[in-house]
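As a plain string of letters, each chain reads:
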Amino acid sequence: MMTTLCYIERDDQYLMLHRVKKENDINKDKWIGVGGKFLARESPEECLLREVREETGLTLTSWRFRGLITFIQVDYPTEFMCLYTADGFQGELLDCDEGDLLWVPKEEIGRLTLWQGDRIFLRMLADDAPFFSMKLEYEGEQLIRCLCDGKEMPL
């Protein structure tokens, strides 16, 4: 499965989605960026732009492809996620049917309920790391292994 995830930036904040509205949601009660699954024949950028528009009402005008994340989790198909940040957009924020959207100061994001692997790649985004490939292996909600550019990372 291929997906996108985007952290939209404004005034040293990220637009975060608190996943509280969708039934049977693997991300239930977690805070994540916005994005979703590719449709047939979509490129990563087409998926990114469509998903951001659908979930937020915003049209991105400036974005950057930051990394490729491979998620491995028991009982779920492997997911390849294209990770983006965006610093330009137009439009008005709308209500999202998947959760609550909130602008969160970057220094406060660590206090939110996040996936453990998200904490690792959010740190890399904060450090302005060059493009990276990361593999995150989970057992349930527990991160058991992280590789970045093929090298083991401490959890």
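Refer to the structure presented above.
Not measured: the values here are computed from a predicted model.

**Q** Mind showing me how you'd approach the nonpolar core here?
**A** Taken as a class, soluble globular proteins show a tendency for nonpolar side chains to be buried jointly. Ranked by internal contacts, the top residues of the largest apolar core, which has 45 residues, are Ile8, Phe121 and Met134. Among residues more than four places away in sequence, those in contact with Ile8 are Gln13, Tyr14, Leu15, Val34, Val52, Leu58, Leu60, Ala86, Phe89 and Trp103.

**Q** Please clarify how the pattern of salt bridges should be interpreted in this entry.
**A** Close approach of charged atoms allows side chains of opposite charge to pair. Within the structure shown, the criterion is met by 14 salt bridges. Its salt-bridge partner being Asp11, residue Arg10 comes within 4.0 Å of it at the nearest N-O pair. In this structure, the salt-bridge partner of Asp100 is Lys21, at a minimum N-O distance of 3.7 Å. Taken as a pair, Asp100 in strand E7 (residues 100–105) and Lys21 in the loop between strand E2 (13–18) and strand E3 (31–32) lie far apart in primary sequence, 79 residues in all. Of the residues examined, Asp100 reaches a relative accessible area of 38% and is grouped as partly exposed. Through salt bridges that share partners, Glu42, Arg50, Glu51 and Glu54 make up one connected network.

**Q** Please clarify how the side chain of Asn27 should be interpreted in this entry.
**A** Among the secondary structure elements, Asn27 is positioned in the loop between E2 and E3. Judged by relative accessible area, which is 15%, Asn27 ranks as buried. Here Trp115 takes part through its side chain, which lies 2.7 Å from a polar atom of the side chain of Asn27. Setting aside anything within four residues of it in sequence, one finds Asn27 in contact with Arg19, Ile32 and Trp115.

**Q** Got a minute to help me understand the side chain of Thr3 in this structure?
**A** Along the chain, Thr3 falls in strand E1 (residues 2–10). Owing to a relative accessible area of 6%, Thr3 belongs among the buried residues under this scheme. Polar side-chain contacts of Thr3 include one of 2.6 Å to the side chain of Glu79. With sequence-adjacent residues up to four places away left out, Thr3 is seen in contact with Gly36, Lys37, Phe38, Glu79, Phe80, Met81 and Cys82.

Definitions and limits used
- Residues numbered from 1 in each chain as written.
- Predicted model: local features only at pLDDT ≥ 70, side-chain atom pairs only at ≥ 80, totals over all residues.
- Heavy atoms only, no water.
- Core = buried A, V, L, I, M, F, W, Y, C linked by side-chain atoms within 4.5 Å.
- Buried < 20%, exposed > 50% of the residue type's maximum accessible area, 1.4 Å probe, protein only.
- Contact = heavy atoms within 4.5 Å.
- Salt bridge = Lys/Arg side-chain N within 4 Å of Asp/Glu carboxyl O.
- Helix = DSSP H or I, 4+ residues; strand = E, 2+ residues; numbered from the N terminus.
- Polar contact = N/O pair within 3.5 Å; in protein donor to acceptor, adjacent residues only side chain to side chain.

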